[in-house]
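# Fold and geometry: a report
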Amino acid sequence: EDRLKRKVAAGEKGNTNSNLADVVTPATADAAFEDRLKRKAAAGGEDKTNTNLSDVVAAATSDAAFEDRLKRKAGGSANKDISTSTKKIGVVLASKDEGMVPENQAHPEEIAFPLNRAAVHFAEPRLEPIRENLPSDVESGSNKMEPNAVSDLAFDSNRQSVGTDGGDIQGGQNGQQSRSSARHSIMSSAISMINASVRVATEYLATATLVEENEVELGEVVVAERVGIFERKWKAFASFFCFVLVAIVGALIMIPALTKNKEEKMGPTPTDVPSMLPSSSPSFDPRPTLEIVQERGHVRCGQRRGSNNPVMCRAVASVLFGDPNRFKTFTVLPGEYQHLHKRSVDIITAARITIENDVRESTTGSGFTFSSPYLHDNIVYAGHEFFVQCAEERNRHGECSSLMICHAGCHCRIDVVQSRFPSSFTITAPGNELAEMLFNSTCNVVTTSKSNLFGESVIKLSDENNSNVFVGDNPIADNSFGLVTRKDDKEFSDIINWVVTALIYGEEHGLKNDPSNCQNYTSLPVQTPDLNFMNAVYCVGNYGWKHLLNPDTRSQINNGTSGMLYAIPFNGLSGAAASNEDSDALNVIKKRQLNCGVTIPDSFDGVITSSKKLVGMSVDYCKALAAAIFSGSPDQVNVTAFSQNDGFVALNNGVIDVLAGAKVEKKYDFANPSLNLEGFDFSSAYYYGNETVGEDLSIFALATREDDAGFSSFVNCIVWATLHAQEKSIRREESMNMPLLPWFGQDFEWALRDVINHIGSYDQLYEKHFGLISSEERGRNRLNDGGPLVNSIPGLSH
């Protein structure tokens, strides 16, 4: 090993022109190499280095053990730190077929291992010529290398490479130089294999360049100064100030909205009995309203501004608690229905009854349940006679151009006045301020309640001051008023309706306030049949309205000498159109046929489809309802005859969808356990008996179940259509003049027109089944012309 090292060193120091035949592999130590070496020595090779040739031959022809040691030495040197070498070693890669690559044509990638600090960069390898012949494990990026792959690597040592033929060495070199070159080739080949292994495994070469410290140019020396906290943290301060600015702007935007929400939550302003209106809960109590009110200990009674007489509130408290003082009143204008919808109040007194408010009130999108009308009133113009005539004639030009109308802020007046005059001719004001506005010439005409129902003092002040106030004769609005409740609790709505009926019943029978009969409950009744409705009369009084200055004649008890038929106002088309889902029953019926029951007298033995009088009229209402549901087709109906009790049983059990000719009575209105019946809804009456005052009046209507309020409202519109057509003189041939029905979806918009197209107006229907008879003979079954309209419902007793 020492001799070999010395020979290699001697060969490197000598400036020899020896050429290596090729990469000498460990196989050159075999016998063939030994023979060739001996022949060259014998041929006269001169020993110029004074080296013992036999030693060289012995070293070169060593056995396999020498070869193994040499390989181990080569392998061991690979693990040493090659960076200690100061010489750059150029590694040239070539494929087996390409042979050696001269240094001047080799790729420029080099590995430099300087001892000092160096700046190193990596260059992409250029191994494309080699990759074609590399083993699969090397090509895929493996760090392993097979021996046959390593043997294909060549080493370039700045010597010209020459080929060998038959083992002959060209050039006349002495044997010692040949042996030295051979050994040098073996060691160089080992080093080349190590470097090639590193290059193939890592797939890139690093070039290191020595950087001397004195190459760095010194810049100007600057004295450091302390940086302030705002300079160092300016980004944080900027973010903070931006956040504060956004928060301030957001607060300025939200304050008005929060203030408005707070005002809405406070609800209406209480009057009469000082109290604080409870705020509505975000989720409503699902219990029956009667149970909630009795647990609270008082009823919340909403009143419109100026309605100072709480007689209806006292009557309701008497029935619910047995004590007329268990109530609190609240002013609910403006937004009366919103307060009721949000459960701020339980009832509202003197609420205007319209078809729109029953089906879908415009400000809440919900329908409400109204009691029987207990007040009727006309809205008229009052003020300077000339301008009153201008207003009645709808004239605002010429001498009437100075017309200015002040009106109260209720829907019944706003809708009417604004439909007749531009807003520049009207002023909206509280009802109790109208008289003063008239007398101080703010306006020259006011709208006023003829009965002074809402506390308007125009007529009263004009009488007291002998003022010349002219009251017009032509009503601009015809209104009916009742108690109103939410539609989600039909039982509570029925209770309120029967309170009104009890007051009317007391008037009919001459009953008055009687404290001795005012029943104070020992325990609050939890079932409706246990309530004492006559408490409304005995604890408060009967229906006589002594507080009205000019009571309307229609608010009096009907004795059978005037018509009872009355079409409540439609109130325009301001309600939002409802979807078909508002009534499940309508959707179900439209997929099959309408099942309609008709009540018949016990002695009836005819065919109902060809009957006359009340039975025939009831059959036609069944067909009219079918026409409204099935786009004008009246034949999509099955008509079945029932007795009164059997008809309600069939309706209760779902055998029929509606019962025509149903008698309106207390026992059918409430749930009746003895008959195993639930409560029922009734439409407007379309036929009255001829009973006298004090007798139970026979009232006939269309009855529906209470489980679908939307369907009940739709059925009520069918009866209303015939009364409205009569009031507006719309006959069957003029059915297109009927309004569209906007609240039940597009499939039912033409329902009212289809009804009139099939059966005509009420008078046409009546004359078909009863013939042409005088108005006196028709009794209550004619359109009201201003006479009394009030009657109680049968079922109460005293």
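Model, not experiment: these values are computed from the prediction.

## So, the overall build of the protein
Regarding its fold elements, the protein presents 28 helices and 18 strands. Buried residues in the protein amount to 47% of all 798 residues. In the form shown here, the protein has an accessible surface area of approximately 40600 Å², with 50% of it arising from carbon and sulfur atoms.

## Concerning the environment of Glu-776
Relative to the helices and strands, Glu-776 is located in helix H28 (residues 775–778). Owing to a relative accessible area of 63%, Glu-776 belongs among the exposed residues under this scheme. Along the sequence, Glu-776 and Thr-561 sit 215 residues apart, while their C-alpha atoms lie 7.1 Å from each other.

## Quick look at unusual backbone geometry
For Arg-394, which is not glycine, the phi torsion reads 60° and is therefore positive. Considering the arrangement of structural elements, one finds Arg-394 in the loop between helix H15 (385–392) and strand E8 (405–408). Here the phi dihedral of Ser-631 falls at roughly 55°; this positive angle occurs in a residue that is not glycine. Checked against the element boundaries, Ser-631 lands in the loop between helix H22 (613–629) and strand E14 (637–642). Taking relative accessible area as the criterion, Ser-631 reaches 57% and is therefore assigned exposed.

## Brief notes about the state of the cysteines
Under the counting rule described, the total for this entry stands at 5 disulfides. The residue that forms a disulfide with Cys-301 is Cys-313, at a sulfur-sulfur distance of 1.9 Å. A torsion of -70° about the S-S bond marks the disulfide between Cys-301 and Cys-313 as left-handed. Within this pair, whereas Cys-301 is found in strand E3 (residues 299–303), its partner Cys-313 is found in helix H12 (residues 311–321), the two being separated by 12 residues in sequence.

## Regarding helix H26 (residues 751–759)
Judged by how many residues are buried, H26 sits mostly within the fold: 7 of 9 residues are covered. Within the span of H26, buried status applies to Ala-751, Leu-752, Arg-753, Asp-754, Val-755, Ile-756 and Ile-759. The secondary structure elements touched by the buried residues of H26 are H22, helix H25 (709–727) and helix H27 (762–770). One or two positions beyond H26, positive phi appears at Gly-760, with a value near 80°.

## So, the nonpolar core
Grouped together as the largest cluster of nonpolar side chains are 123 residues, with contacts concentrated most on Leu-320, Phe-533, Leu-594, Tyr-621, Ile-629, Tyr-686 and Phe-714. Sort the elements by how many residues they give to this core and H22 lands first, with 11 residues. Filtering out sequence-adjacent residues up to four positions away, Phe-533 remains in contact with Val-319, Ile-495, Trp-498, Val-499, Ala-502, Thr-528, Lys-666, Phe-670 and Leu-796. Membership of the second largest hydrophobic core comes to 14 residues, among which are Ile-379, Leu-403, Phe-421 and Phe-425.

## So, the packing of aromatic side chains
Enumeration over the complete set of coordinates arrives at 16 aromatic pairs. When the centroid spacing of 5.5 Å and the interplanar angle of 10° are considered together, the rings of Tyr-687 and Phe-770 count as stacked. Placement of Tyr-687 in strand E17 (residues 687–688) and of Phe-770 in helix H27 is noted, with a sequence separation of 83 residues between them. The cationic tip of Arg-753 hangs over the ring face of Trp-750; the distance from NZ or CZ to the ring centre is 4.9 Å. Above the face of the Tyr-766 ring, Arg-778 is positioned so that its terminal group lies 4.3 Å from the ring centre.

## Some words on the pattern of salt bridges
As a working rule, side chains carrying opposite charge can pair if their charged atoms are close by. With the rule as written, the count across this model stands at 16 salt bridges. Its salt-bridge partner being Arg-287, residue Asp-285 comes within 2.8 Å of it at the nearest N-O pair. By relative accessible area, which is 35% here, Asp-285 ends up partly exposed. Residues Asp-488 and Arg-343 are paired through a salt bridge, measuring 2.2 Å at the closest nitrogen-oxygen approach. With a gap of 145 residues between them, Asp-488 in the loop between strand E12 (477–486) and helix H19 (490–508) and Arg-343 in the loop between helix H13 (336–341) and strand E5 (347–352) connect regions that are remote in the sequence.

## Side note on the confidence of the model for the protein
Summary statistics for the protein give a mean pLDDT of 75 and a share of 62% for residues scoring 70 or more. Across residues 204–208, where pLDDT falls below 50, the model places 26 contacts with residues more than four positions away in sequence or in other chains. Note on residues 573–581: pLDDT under 50 across the span, and 23 contacts to partners over four residues away in sequence or across chains.

## With respect to a nonpolar patch on the surface
A cluster of nonpolar side chains, contributed by Leu-245, Val-249, Ile-253 and Met-254, occupies part of the molecular surface with about 400 Å² of accessible area. On the secondary structure map, Leu-245 appears in helix H10 (residues 234–266). According to the relative accessible area criterion, Leu-245 is exposed, its value standing at 56%.

## Re the pairing of strand E10 (residues 445–449)
A large share of E10 lies buried, amounting to 5 of its 5 residues. Where burial is concerned, the two faces of E10 agree: the one with Val-445, Thr-447 and Ser-449 and the one with Val-446 and Thr-448 are both buried. Where strand E7 (residues 375–383) lies against E10, 5 bridges are found, and the strand directions are antiparallel. Bridge pairing in E10 links Ala-382 to Val-446. Relative to E10, E8 runs parallel, the two sharing 2 bridges. Each bridged residue has a counterpart across the sheet, and for Cys-406 the counterpart in E10 is Val-446.

Calculation rules
Residues numbered from 1 in each chain as written. Predicted model: local features only at pLDDT ≥ 70, side-chain atom pairs only at ≥ 80, totals over all residues. Heavy atoms only, no water. Helix = DSSP H or I, 4+ residues; strand = E, 2+ residues; numbered from the N terminus. Buried < 20%, exposed > 50% of the residue type's maximum accessible area, 1.4 Å probe, protein only. Areas by Shrake-Rupley, 256 points an atom, 1.4 Å probe, with all protein chains shown as cover. Disulfide = S-S within 2.5 Å. Contact = heavy atoms within 4.5 Å. Core = buried A, V, L, I, M, F, W, Y, C linked by side-chain atoms within 4.5 Å. Phe/Tyr/Trp six-rings, centres within 6.5 Å; stacked < 30°, edge-to-face > 60°. Lys NZ or Arg CZ within 6 Å of the ring centre and 35° of its normal. Salt bridge = Lys/Arg side-chain N within 4 Å of Asp/Glu carboxyl O. pLDDT = per-residue confidence, 0-100. Patch = residues over 30% accessible without salt bridge, like charges linked within 9 Å, V, L, I, M, F, W, Y side chains within 5 Å. Pairing = 2+ DSSP bridges.

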